[in-house]
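Listed here are the chains, written in short residue letters.
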Amino acid sequence: MKTAKEFLKRIDLIKELPEEELNLIINISIYKEYEKGNHVFFQNEPLKYIHFISKGSIKIYKTDTHGKEQIVSILETGDMFPHTGFFSKGFYPAHAEALSDTILIMIPIDEFERLLIENPTLSVKLFKLMGEKIIDLQNRLEEQILHNTYEKIILLLIRLAHKYGDEYTKDKVRLHSRFTHQELANMIGTSRETLNRTITQLKKNDQIDIDNEGYLILHVTKLQQSLIL
């Protein structure tokens with residue numbers, strides 16, 4: 001059985017804190033396990049906790065009035081969520097669902113805000129993380145505005161390769177997270193049929209492949225070149 005400290009040392013934002021500050025977080029942390037498919041919270045519920053993923057993966061998504069799903073992000077071990085709501089009594093901005101059996105470290109929002117006020121180093125790290133998230137969202141918004149659906153799919157695969165890719169061969173990476181075609185389609189707001197047709201074409205062009213376990217193998221250079229042609 002791992003100790004609370006070992007769980008916390010998986011978290012990028014807080015793993016380098018001094019021992020004394022780490023112990024402060026341990027004292028206010030709640031540890032909870034979620035089975036695959038279970039929801040951590042639903043959109044518009046009162047925001048009560050900041051969550052850190054000690055093990056597993058979480059899907060953050062929104063739904064429109066017709067129930068259509070739009071995936072905002074896929075988070076893994078070391079990530080925190082949500083990224084909004086600090087210093088305000090707000091609501092969760094999206095749904096959070098466990099994509100695998102997951103262990104979360106949960107800190108009450110009031111306690112987390114107090115930690116930020118009392119620990120400038122932690123605050124600086126959080127602001128840096130928030131800046132990175134803003135840049136990522138700006139890039140994704142630009143993709144939606146300036147590119148057609150085929151290009152959006154290519155850009156999505158390249159982004160996933162950088163975030164979830166492990167070296168497979170000299171020229172290819174293998175995603176260590178498995179995504180269904182529906183999940184990929186939901187990330188950019190297109191239909192599964194359109195996604196399927198594009199994936200089939202990319203496989204024919206030797207730009208992507210799928211291994212026996214269902215994980216995507218991406219030839220990133222070829223994908224990037226297809227955007228230039």
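This text gives an overview of the structure that appears in the document.

Reading guide: rules and limits
Residues take numbers from 1 onward in each chain, read along the sequence in its written order. Selection of residues for local features in this predicted model requires a pLDDT of at least 70, selection of side-chain atom pairs for listing and counting requires 80 or more, and totals for whole chains, interfaces and linings are taken over all residues. The basis for the side-chain values is all heavy atoms of the structure; hydrogens and waters are excluded. For two strands to pair, DSSP has to find at least two bridges joining them. The helix and strand labels rest on DSSP assignments: H or I over at least four residues marks a helix, E over at least two residues marks a strand, and numbering proceeds from the N terminus. The convention used is that axes are lines fitted to C-alpha atoms, helices contributing only their stretch in contact, and that angles between N-to-C directions extend from 0 to 180 degrees. Residues grouped as a nonpolar core are buried Ala, Val, Leu, Ile, Met, Phe, Trp, Tyr and Cys residues, joined through side-chain atoms within 4.5 Å. Remark: exposure states derive from per-residue accessible area (1.4 Å probe, protein chains only) relative to the maximum for the residue type, with buried under 20%, exposed over 50%, and partly exposed in between. Contacts are assigned to residue pairs with any non-hydrogen atoms lying within 4.5 Å of each other. When a carboxyl oxygen of Asp or Glu lies within 4 Å of a side-chain nitrogen of Lys or Arg, that pair is called a salt bridge. Points on a 1 Å grid, built from protein atoms alone, make a cavity when a 1.4 Å probe fits but cannot get out and make a pocket when they are open with protein on both sides within 12 Å along at least 5 of 7 lines; residues with an atom within 4 Å of a point are the lining residues. Grid points are joined across faces, edges and corners, and a volume is the space filled by probe spheres set on the points. In this count, Pro and Cys sit with the nonpolar residues alongside Ala, Val, Leu, Ile, Met, Phe, Trp and Tyr, while Asp, Glu, Lys and Arg are called charged and the others, Gly among them, polar.

Side note on the pairing of strand β5 (residues 69-76)
Item 1. Two strands pair when backbone bridges link them, and strand β4 (residues 57-63) and β5 are joined in this way by 7 bridges, in the antiparallel orientation. Bridge pairing links T63 to E69 in β5.
Item 2. A loop of 5 residues connects β4 with β5, the two strands running antiparallel in sequence, and G67 in this loop sits at a positive phi of about 85°.

Description of unusual backbone geometry
Item 1. Cis rather than trans, the peptide bond between F81 and P82 has omega equal to -10°.
Item 2. Take P82: it is sitting in the loop between β6 (80-81) and β7 (95-98).
Item 3. Even without being glycine, N44 reaches a positive phi, approximately 75°.
Item 4. Secondary-structure assignment places N44 in the loop between β2 (39-41) and β3 (49-55).
Item 5. The backbone phi angle of D206 is positive, close to 60°, even though this residue is not glycine.
Item 6. Relative to the elements of secondary structure, D206 occurs in the loop between α7 (192-204) and β11 (208-210).

Observations regarding the sheet that holds strand β12 (residues 216-218)
Item 1. Strand order in the open sheet formed by 4 strands is β9-β10-β12-β11, with antiparallel pairing between adjacent strands. The open sheet has two edge strands, β9 (165-167) and β11, and neither has a second partner. Each strand axis lies, on average, 30° off the axis of its neighbour in the sheet, ignoring direction.
Item 2. Inspection of the sheet shows β9 paired to strand β10 (residues 173-175) by 3 bridges, in the antiparallel sense. Note that in β10 the partner of G165 across the bridge is L175.

Concerning the nonpolar core
Item 1. Residues L13, F52, I58 and F81 are the most contacted members of the largest nonpolar core, which totals 36 residues.
Item 2. Here this core takes 5 residues from strand β8 (residues 102-108), the largest share from any one element.
Item 3. Not counting residues up to four positions away in its chain, the partners in contact with F52 are I11, L13, D79, M80, I103, L104, I105, I107 and F112.
Item 4. Of all hydrophobic cores here, the second largest spans 27 residues; its members include L99, Y164, A185 and M187.

Focus on the environment of E21
Item 1. For E21, the position within the fold is in helix α2 (residues 19-28).
Item 2. Given a relative accessible area of 22%, E21 falls into the partly exposed group.
Item 3. Residues E21 and K203, spaced 182 residues apart in sequence, show a C-alpha to C-alpha distance of 50 Å.

So, the pattern of salt bridges
Item 1. Inspection of the entire model under this criterion finds 7 salt bridges.
Item 2. Between R174 and E213 there is a salt bridge whose closest N-O contact spans 3.4 Å. Note that R174 is positioned in strand β10 and E213 in the loop between β11 and β12, a separation of 39 residues in sequence.
Item 3. Residues participating in the shared-partner salt-bridge network are K59, E69 and E97.

Some details on the pairing of β3
Item 1. With 5 of 7 residues buried, β3 lies mostly within the body of the structure.
Item 2. When β3 meets β8, the two strands line up antiparallel, connected through 6 bridges. Across the sheet, H51 pairs through a bridge with M106, a residue of β8.
Item 3. Across 2 bridges, the pairing between β3 and β6 is antiparallel. By the bridge assignment for β6, H51 is matched with F81.

Observations regarding the layout of surface pockets
Unoccupied space between atoms shows up once a probe the size of one water molecule is rolled over them.
Item 1. In this structure, the largest pocket spans a volume of roughly 1300 Å³.
Item 2. Listing elements by their share of the lining of the largest pocket, those giving two or more residues are β4, β5, β6, α4 (120-146), α5 (149-164) and α6 (181-188).
Item 3. Broken down by element, the lining of the largest pocket gets its largest block of residues, 13 residues, from α4.
Item 4. Considering only residue class, the lining of the largest pocket consists of 22 nonpolar, 7 polar and 13 charged.
Item 5. Contributing to the lining of the second largest pocket are 16 residues, with K36, S57, L99, S100 and R178 lying nearest its centre.
Item 6. Of all the secondary-structure elements, those providing two or more residues to the lining of the second largest pocket are β5 and β7.

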